[in-house]
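Per-entry structural report
Okay, here's what each chain looks like letter by letter:
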Amino acid sequence: MCVMLKLISTTPSPYARKKVARLIGEREWSVGERFSLGDIAAGVVVGYISLRYPEISWRAQYPNLARLSDRLEQRPSFKNSAPYAQTITDKIV
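As the structure is a computational prediction, the values presented were derived from the model and not from experiment.

About the thresholds
- Residue positions are given per chain, counting from 1 as you read along its sequence in written order.
- In keeping with the predicted nature of the model, local features appear solely for residues at pLDDT of at least 70, side-chain atom pairs appear and are counted solely at 80 or more, and the whole-chain, interface and lining totals rest on all residues.
- Remark: hydrogens and water are excluded; side-chain values derive from all non-hydrogen atoms of the structure.
- In this description a helix means any DSSP run of H or I spanning at least four residues, a strand means any run of E spanning at least two, and both kinds are numbered starting from the N terminus.
- Any two residues whose heavy atoms approach within 4.5 Å are treated as being in contact.
- The Shrake-Rupley method, run with a 1.4 Å probe sphere, supplies the accessible areas, and residue values consider only the shown protein chains as cover.
- The convention used is that axes are lines fitted to C-alpha atoms, helices contributing only their stretch in contact, and that angles between N-to-C directions extend from 0 to 180 degrees.
- Put simply, angles under 35 degrees are roughly parallel, angles over 145 are roughly antiparallel, angles from 65 to 115 are roughly perpendicular, and the rest are oblique.
- Gly is put with the polar residues, along with every residue not named as nonpolar or charged; the nonpolar set is Ala, Val, Leu, Ile, Met, Phe, Trp, Tyr, Cys and Pro, and the charged set is Asp, Glu, Lys and Arg.
- The classification of residues rests on relative accessible area computed with a 1.4 Å probe and restricted to protein chains. Under 20% of the type maximum is buried, over 50% is exposed, and intermediate values are partly exposed.
- The convention is simple: Lys and Arg are positive, Asp and Glu are negative, and His and the chain ends are not counted.
- For salt bridges, the criterion is a side-chain nitrogen of Lys or Arg within 4 Å of an Asp or Glu carboxyl oxygen.
- Distance and chemistry together define a polar contact, namely a pair of N or O atoms within 3.5 Å, with one atom able to donate a hydrogen and the other to accept it when in protein, and with adjacent residues in sequence counting only for side-chain atoms on both sides.

1. Here's the deal with the overall build of the protein chain
If you tally the helices and strands in the protein chain, you get six helices and zero strands. Sequence-ordered secondary structure for the protein chain, helices as α and strands as β, is α-α-α-α-α-α. Across the protein chain, contacts joining residues at least 24 apart in sequence account for 62% of those joining residues at least 6 apart. Of the roughly 6600 Å² of accessible surface on the protein chain, a fraction of 59% belongs to carbon and sulfur atoms.

2. Focus: the packing of helix α3 (residues 37-52) against helix α5 (residues 63-73)
Two elements in contact, α3 and α5, have axes separated by 10 Å at closest approach and are oriented at 100°. By the criterion of interaxial angle, the relationship of α3 to α5 is roughly perpendicular. Together, Asp39, Ala42, Gly43 and Val46 of α3 and Leu65, Leu68, Ser69 and Leu72 of α5 make up the contact between the two elements. Taken together, the residues of the contact of α3 with α5 break down into five nonpolar, two polar and one charged.

3. So, the side chain of Asp39
Mapping Asp39 onto the fold places it in helix α3. Buried and unpaired, Asp39 has Arg71 as its nearest opposite-charge partner, separated by 6.4 Å. There is a polar contact of 2.8 Å between the side chain of Asp39 and the backbone nitrogen of Ser36. In contact with Asp39, other than residues within four places in its own chain, are Trp29, Ser30, Arg34, Leu68, Leu72 and Phe78.

Shown next, in the form of structure tokens:
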């Protein structure tokens, strides 16, 4: 979990992305032989990075994470909760 938090900190850590990519390796799922909480965590993190830091080319650097993300994005639960950039128009006091 600590690695995941480093991934979504103010400036996403390249070390953390590398570590998560290494931990997942070439497996179909992040932990075990089927979809799990680990996949949800990894999918949420890379989705956040894609949305908030489009200049980070993590897909090219970590093709195994990109493959996992592509699989996750096909799941109805991910499709129905895809993040999107919000525009805040209310004045903050």
